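# Topology and contacts: notes
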Amino acid sequence: MLPWLSTSHPPNKGAFIFTAGGFLFSWLLYLFRTQFIGFPFHPLGYAMSGHWSMEILWFPFLLAWLARASVLRYGSQRDYHRISQFFFGLLIGDFVSGGLGAYTVCF
């Protein structure tokens with residue numbers, strides 16, 4: 001039998017406090033984003049910032065933000081809609097190609 005199943009440990013109060021604090025901060029970011037037009041911070045950005053994948057994804061996020069900001073500033077709503085459909089297609093294509101690659105590796 002595994003020892004961590006048979007022995008009891010007290011709850012980790014520090015981990016609970018920091019988890020609750022992160023949840024409250026994310027909730028406040030969400031609240032500010034819904035109440036103030038143009039609030040620049042997104043709760044998902046806060047959640048992603050501590051993940052290891054940000055070492056890889058920071059530059060694509062920057063490029064996506066620059067593309068979105070430039071289309072919103074210099075284009076119309078119709079341009080934004082067309083460009084967002086293009087980028088959504090790129091996203092779906094990336095997921096499909098990754099899924100097909102994982103499928104062919106399994107078989």
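Here is a short report on the structure shown in this document. Note that the structure is a prediction, hence the values are computed from the model and not measured. (Residues numbered from 1 in each chain as written. Predicted model: local features only at pLDDT ≥ 70, side-chain atom pairs only at ≥ 80, totals over all residues. Heavy atoms only, no water.)

### Quick look at the overall build of the protein
- Helix and strand counts for the protein come out as five helices and zero strands.
- Along the chain direction, N to C, the helices and strands of the protein fall in the order α-α-α-α-α.
- Here the C-alpha radius of gyration of the protein, 21 Å, is well above what a compact globule of 107 residues would show, namely 13 Å.
- Along the three orthogonal principal directions, the C-alpha set of the protein runs to about 60 × 50 × 20 Å. (Helix = DSSP H or I, 4+ residues; strand = E, 2+ residues; numbered from the N terminus. Rg over C-alpha atoms; globule rule 2.2 N^0.38 Å.)

### Re the pattern of salt bridges
- By the definition in use, this model includes one salt bridge.
- Between arginine 82 and aspartate 79 there is a salt bridge, and its shortest N-O distance comes to 3.2 Å. In this pair, arginine 82 and aspartate 79 are both assigned in helix α5 (residues 77–106), three residues apart and thus about one turn of the helix distant.
- Overall, the relative accessible area of 45% leaves arginine 82 in the partly exposed class. (Salt bridge = Lys/Arg side-chain N within 4 Å of Asp/Glu carboxyl O. Buried < 20%, exposed > 50% of the residue type's maximum accessible area, 1.4 Å probe, protein only.)

### With respect to the packing of aromatic side chains
- Following the criterion strictly, the structure yields six aromatic pairs and no others.
- Ring geometry for phenylalanine 25 against tyrosine 46: centres 4.8 Å apart, planes inclined by 70 degrees, an arrangement best described as edge-to-face. With phenylalanine 25 in helix α2 (residues 13–35) and tyrosine 46 in helix α3 (residues 43–49), this pair connects stretches of sequence that are 21 residues apart.
- Taking the relative accessible area as the measure of exposure, tyrosine 46 reaches 36% and is therefore partly exposed.
- Taken together through their ring pairs, the aromatic side chains of Phe32, Phe36, Phe39 and Phe41 make up a single cluster. (Phe/Tyr/Trp six-rings, centres within 6.5 Å; stacked < 30°, edge-to-face > 60°.)

### Some details on a nonpolar patch on the surface
- A cluster of nonpolar side chains, namely Phe23, Leu24, Trp27, Leu28, Tyr30, Leu31, Phe32 and Phe36, defines an oily patch on the protein surface of about 820 Å² accessible area.
- Here leucine 24 is to be found in helix α2. (Patch = residues over 30% accessible without salt bridge, like charges linked within 9 Å, V, L, I, M, F, W, Y side chains within 5 Å. Areas by Shrake-Rupley, 256 points an atom, 1.4 Å probe, with all protein chains shown as cover.)

### Details of the side chain of serine 53
- You can see serine 53 is positioned in the loop between α3 and α4 (54–74).
- Take serine 53: its relative accessible area is 11%, and that puts it in the buried class.
- Side chain to side chain, serine 53 and histidine 51 meet in a polar contact 3.0 Å long. (Polar contact = N/O pair within 3.5 Å; in protein donor to acceptor, adjacent residues only side chain to side chain.)

### Details of α2
- Spanning 23 residues, α2 covers 33 Å between terminal C-alpha atoms, matching the ideal 33 Å at 1.5 Å per step.
- By the burial criterion, the buried members of α2 are Gly22, Ser26 and Leu29.
- Check the buried side of α2 and you find it contacts α3. (Expected span 1.5 Å × (residues − 1). Contact = heavy atoms within 4.5 Å.)

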